[in-house]
Amino acid sequence: MNIDGTHYRSLWYNHDDDVLEIIDQRWLPHKLVIQPVATLEEFAAAIVEMRVRGAPLIGATAAYGVALAMKLDPSDSALDQVCAFLSKTRPTAINLQWALNRCRTHLAPLSVSDRAAAALQLAHDIADEDVEINHKIGEHGLALIKEIQARKKPGETINVLTHCNAGWIATVDRGTATSPMYLAHDAGIPIHVWVGETRPRNQGALTAWELGSHGVPHTYITDNAGGHLMQRGQVDMVIVGVDRATRSGDICNKIGTYLKALSARDNNVPFYAALPSPTIDWTVRDGVSEIPIEQRNAREATHIWGRNSTGEVNEVQLTPDGTPGGNPAFDVTPARLVTGLITERGVTGASEDDLLGLFPEFKEAV
Ligand code: MRU
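Residues numbered from 1 in each chain as written. Predicted model: local features only at pLDDT ≥ 70, side-chain atom pairs only at ≥ 80, totals over all residues. Heavy atoms only, no water.

Draft legend 1. Inspection of the side chain of Glu300 at higher detail. Counting through the fold element by element, Glu300 comes out in helix α11 (residues 299–302). Judged by relative accessible area, which is 14%, Glu300 ranks as buried. (Helix = DSSP H or I, 4+ residues; strand = E, 2+ residues; numbered from the N terminus. Buried < 20%, exposed > 50% of the residue type's maximum accessible area, 1.4 Å probe, protein only.)

Written out as structure tokens, the structure is:
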């Protein structure tokens, strides 16, 4: 993505200083803060505190964490320890476990002297593959947008609703749910995006920042406005990202996604989930009972961060002192509410048969 004409990924390796650099997303969209991540504790904190966030980006970050660990100590026990340590940072997005498993499977058979270089190369590969996957998701999603365009009058705007940030900064680059939107805009298709704020952490503000930087027309709305807009025919399709999909096509995503899917079904609005294959947990069938839902600090619900009129970024309290808060961070949308899954191998139905049709190599993985 370009910021003021400069292309950035969400993370990159600084070969001069031999260190990973990230954009600290806690300060976005108000400040662009770039930070080195130099110790294993900093890697864990970056994920836990959501300096990096979004399922694919968490996975890529963890792979660089393993690379650092292997540079410090390439022994078997250090490999086990770093994987166990980083796997505890966030529970819901499966890309974290996917990346750590891939690192372990790739590195464990190697000789100790080869591990540091191999781990760093693998982290680069995971990051590069993410960008490539997201480009393909964009192309498949673009075909869906073109189908909707074909049913509209020439020049009529296509209104897409999204929730949370499944954008460039939730991935290494391009995003998942936003990837088709960028391609549609670049192709001259008149697209407009309804961006749900996504309380409590307001990842919608990140999406608005991204879309604005790319020149994509968009409108920031409260979370509660989505159903109303769908009832009035002001949404042509919904595209959201995913933190963990089951092999049967349930999708777990940021809290509030389920309500969007219910509204979409009630109003005959197609509801698509965009996901790279590392987001599919092939060991799980029932999302509601089997996917662990992250419970975050209640302070995220009772307080809010923003920029005041003097330009300072500050937190303010919304509720009376001592109000008990609850903060489940994700919810599960059952497959029956999902019109289709946009993957790097194409768009498919949200069912086990359909998913295995695209990914037959996972038939036995349950
Ligand atoms: O808690 P977050 O901000 O990490 O949650 C992010 C989401 O829910 C995204 O929609 C999801 O990770 C898909 S990112 C391509």
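On we go from here.
Draft legend 2. Seen up close, the pairing of strand β7 (residues 191–196). In terms of residue burial, β7 counts as a mostly covered element, since 6 of its 6 residues are buried. The two faces of β7 match: Ile191, Val193 and Val195 on one face and His192, Trp194 and Gly196 on the other face are all buried. Sheet analysis places strand β6 (residues 158–162) next to β7, joined by 5 bridges and oriented parallel. For Asn159, the partnering residue across the bridge sits in β7 and is His192. In this region the chain leaves β6, passes through helix α6 (residues 179–186) and returns to the parallel neighbour β7; the handedness of that crossover is right-handed. Here 4 bridges tie β7 to strand β8 (residues 218–221), and the two strands are oriented parallel to one another. For Val193, the partnering residue across the bridge sits in β8 and is His218. (Pairing = 2+ DSSP bridges. Right-handed = clockwise from strand over helix to strand, strands pointing away.)

Draft legend 3. Representation of the site of the ligand in the model. Around the ligand, a shell composed of 19 residues is seen, among which Arg53, Gln203, Asp243, Asn253 and Lys254 lie nearest. Measuring from an oxygen atom of the ligand, one finds a side-chain N or O atom of Arg90 at 2.8 Å. In the environment of the ligand, an oxygen atom lies 2.7 Å from a nitrogen or oxygen atom belonging to the side chain of Asn253. Compared with its free state, where it exposes 410 Å², the ligand has 100% of that area covered by protein. Those elements that provide at least two residues to the shell around the ligand are α2 (55–72) and β11 (251–254). Per-domain counts for the shell around the ligand show at least three residues from each of domain 1 (2–128) and domain 2 (139–362). (Near = heavy atom within 4 Å. Polar contact = N/O pair within 3.5 Å; in protein donor to acceptor, adjacent residues only side chain to side chain. Areas by Shrake-Rupley, 256 points an atom, 1.4 Å probe, with all protein chains shown as cover. Domains from an automatic or database assignment.)

Draft legend 4. Structural detail: the nonpolar core. Counting residues in each nonpolar core, the largest one holds 41 residues, and the members touching the most others are Tyr64, Val66, Met70 and Leu107. Residue assignment for this core shows that the elements contributing at least two residues are β3 (11–14), β4 (19–23), α1 (40–48), α2, α3 (76–87), α4 (94–107) and α5 (112–150). No other element matches the 12 residues that α2 contributes to this core. The residues touching Met70, leaving out its near neighbours within four places in the chain, are Ser75, Ala78, Leu79, Leu107, Arg115, Ala116 and Ala119. Membership of the second largest hydrophobic core comes to 29 residues, among which are Leu229, Ala261, Leu275 and Ala335. (Core = buried A, V, L, I, M, F, W, Y, C linked by side-chain atoms within 4.5 Å. Contact = heavy atoms within 4.5 Å.)

Draft legend 5. Structural context of the sheet that holds strand β13 (residues 280–281). One open sheet accounts for 4 strands, arranged β13-β10-β11-β16; its pairing is mixed. Only two strands of the sheet have a single partner each, and these edge strands are β13 and β16 (330–333).

Draft legend 6. Just the sheet that holds β3, in detail. If you trace the 3 strands from one edge of the open sheet to the other, you get β3-β4-β5, paired in antiparallel fashion. Bordering the open sheet on either side are β3 and β5 (34–37), each of which pairs with just one other strand. Recorded for the sheet is a direction-independent mean angle of 30 degrees between the axes of neighbouring strands. Pairing of β3 with β4, which is carried by 4 bridges, proceeds in the antiparallel orientation. Bridged to Tyr13 within β4 is Leu20. (Axes fitted to C-alpha atoms, helices over the stretch in contact; angles between N-to-C directions.)

Draft legend 7. Fine view of the packing of aromatic side chains. According to the stated counting rule, one finds 6 aromatic pairs in the structure shown. Ring plane angle 55 degrees and centroid distance 5.9 Å describe the contact between Tyr8 and Trp12, whose orientation is recorded as tilted. Aromatic side chains Trp168 and Trp209 sit 5.8 Å apart centroid to centroid with 40 degrees between the ring planes, which places their arrangement in the tilted category. Within this pair, whereas Trp168 is found in the loop between β6 and α6, its partner Trp209 is found in helix α7 (residues 203–214), the two being separated by 41 residues in sequence. Neither residue differs from the other here; Trp168 and Trp209 are each classed as buried. The rings of Trp282, Phe359 and Phe362 are connected pair by pair, giving a single aromatic cluster. Positioned above the aromatic ring of Trp27 is the side chain of Lys31, whose terminal nitrogen or guanidinium carbon lies 4.8 Å from the ring centre. For the cation-ring pair, Lys254 lies above Phe330, with the distance from its terminal atom to the ring centre recorded as 4.0 Å. (Phe/Tyr/Trp six-rings, centres within 6.5 Å; stacked < 30°, edge-to-face > 60°. Lys NZ or Arg CZ within 6 Å of the ring centre and 35° of its normal.)

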